[in-house]
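Next come the chains, spelled out residue by residue.
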Amino acid sequence: MSKTILVGDSGVGKTSLLVQFDQGKFQAGSFSATVGIGFTNKVVDVEGTKVKLQIWDTAGQERFRSITRAYYRDANALLLLYDVSNKASFDNIRAWLGEINEYAQEDVVIMLLGNKADMTSERVIRTEDGERLANEYNVAFMETSAKTGMNVDLAFMAVAKDLKMKKTRKPTDPKFSVTDYVNQEKQSVGCCSS
Ligand SMILES: Nc1nc2c(ncn2[C@@H]2O[C@H](COP(=O)(O)OP(=O)(O)OP(=O)(O)O)[C@@H](O)[C@H]2O)c(=O)[nH]1
């Protein structure tokens with residue numbers, strides 16, 4: 001069983017993203033901060049193979065940091081979220097990545113997600129800012145919306161695909177790049193209906 005962990009500042013939308021992926025719904029204005037940590041099991045179909053994901057939703061608040069840190073070690077994938085309408089949550093990404101480098105396994109898949117991409121008029125972080133930061137740290141990047149569902153399934157599908165490839169890939173097969181996959185598949189704001 002693989003473990004995926006959602007991390008990022010309080011209020012960026014970690015619980016909402018997971019609820020949208022798990023149940024396909026979004027509840028506006030019902031912010032109750034996660035206390036501690038909890039998980040959801042989900043089976044994803046990757047080209048006919050069932051991949052089991054255990055997704056851990058962590059509390060973003062500082063006072064829970066020592067608890068959530070303890071879970072990084074077992075993580076196969078980390079979804080690191082900021083809120084495109086909250087500059088502090090973006091500025092804190094460097095600190096999050098520092099923590100991840102310190103506590104997580106070396107081959108962990110990291111995906112940077114700029115959430116709340118639906119909040120067009122409140123946006124303060126441009127897509128390019130997220131892209132630049134992701135390139136600097138060599139992690140995959142996309143913008144998401146837990147509200148509209150934009151790129152939400154893709155974020156988890158990319159994780160599932162990467163895990164499957166790691167398990168089944170033969171030494172002669174080309175390496176699977178989660179960054180390339182995401183760049184190929186992701187939608188951008190204003191593009192397409194989701
Ligand atoms: N417009 C919009 N609002 C969102 C989105 N995602 C989350 N929200 C709202 O933002 C608030 C915080 O969302 P949560 O999912 O509880 O945030 P969290 O990251 O789990 O917070 P902690 O549990 O404290 O770490 C809620 O009021 C959500 O309705 C989104 O994509 N778009």
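Fair warning: this is a prediction, and the values are worked out from it, not measured in the lab.

A. Structural detail: the site of the ligand. Surveying the vicinity of the ligand reveals 25 residues, the closest of which are Ser10, Lys14, Ser16, Thr34 and Gly60. Within the backbone of Thr34, a nitrogen or oxygen atom sits 2.7 Å from an oxygen atom of the ligand. The element best represented in the shell around the ligand is helix α1 (residues 14-23), accounting for 3 residues. Considering only residue class, the shell around the ligand consists of 7 nonpolar, 13 polar and 5 charged.

B. Structural view of unusual backbone geometry. Its identity as a non-glycine residue notwithstanding, Lys116 has a phi of 65 degrees, on the positive side. Mapped onto the elements, Lys116 comes out in the loop between β5 (109-115) and α5 (127-137). A positive phi angle is found at Asn138, which is not glycine, with a value near 60 degrees. Here Asn138 lies in the loop between α5 and β6 (140-143). Given the relative accessible area of 68%, Asn138 is considered exposed.

C. Quick peek at the side chain of Thr4. On the secondary structure map, Thr4 appears in strand β1 (residues 2-7). Residue classification places Thr4 among the buried residues on the basis of a relative accessible area of 0%. Residues in contact with Thr4, not counting those within four places in the same chain, are Leu53, Gln54, Ile55, Trp56, Ala77, Leu79 and Val159.

D. A look at helix α6 (residues 152-168). Taking 1.5 Å of rise per residue, 17 residues should cover 24 Å, and α6 covers 25 Å from first to last C-alpha, within 8% of that figure. Along α6, the residues that are buried comprise Val152, Leu154, Ala155, Phe156, Ala158, Val159, Ala160, Lys161, Asp162, Leu163 and Lys164.

E. Summary view of the packing of helix α2 (residues 65-72) against helix α4 (residues 93-103). At a closest axis distance of 9 Å, the pairing of α2 and α4 adopts a crossing angle of 50 degrees. In terms of orientation, α2 and α4 fall into the oblique class. The hand of the α2/α4 crossing is right-handed. Where α2 approaches α4, its residues Arg65, Arg69 and Tyr72 are matched on the opposing element by Trp96, Glu99, Ile100 and Tyr103.

Rules used throughout
Residues numbered from 1 in each chain as written. Predicted model: local features only at pLDDT ≥ 70, side-chain atom pairs only at ≥ 80, totals over all residues. Heavy atoms only, no water. Near = heavy atom within 4 Å. Polar contact = N/O pair within 3.5 Å; in protein donor to acceptor, adjacent residues only side chain to side chain. Helix = DSSP H or I, 4+ residues; strand = E, 2+ residues; numbered from the N terminus. Nonpolar A, V, L, I, M, F, W, Y, C, P; charged D, E, K, R; others polar. Buried < 20%, exposed > 50% of the residue type's maximum accessible area, 1.4 Å probe, protein only. Contact = heavy atoms within 4.5 Å. Expected span 1.5 Å × (residues − 1). Axes fitted to C-alpha atoms, helices over the stretch in contact; angles between N-to-C directions. Parallel < 35°, antiparallel > 145°, perpendicular 65-115°, else oblique. Left-handed = near helix turned anticlockwise from the far one by under 90°.

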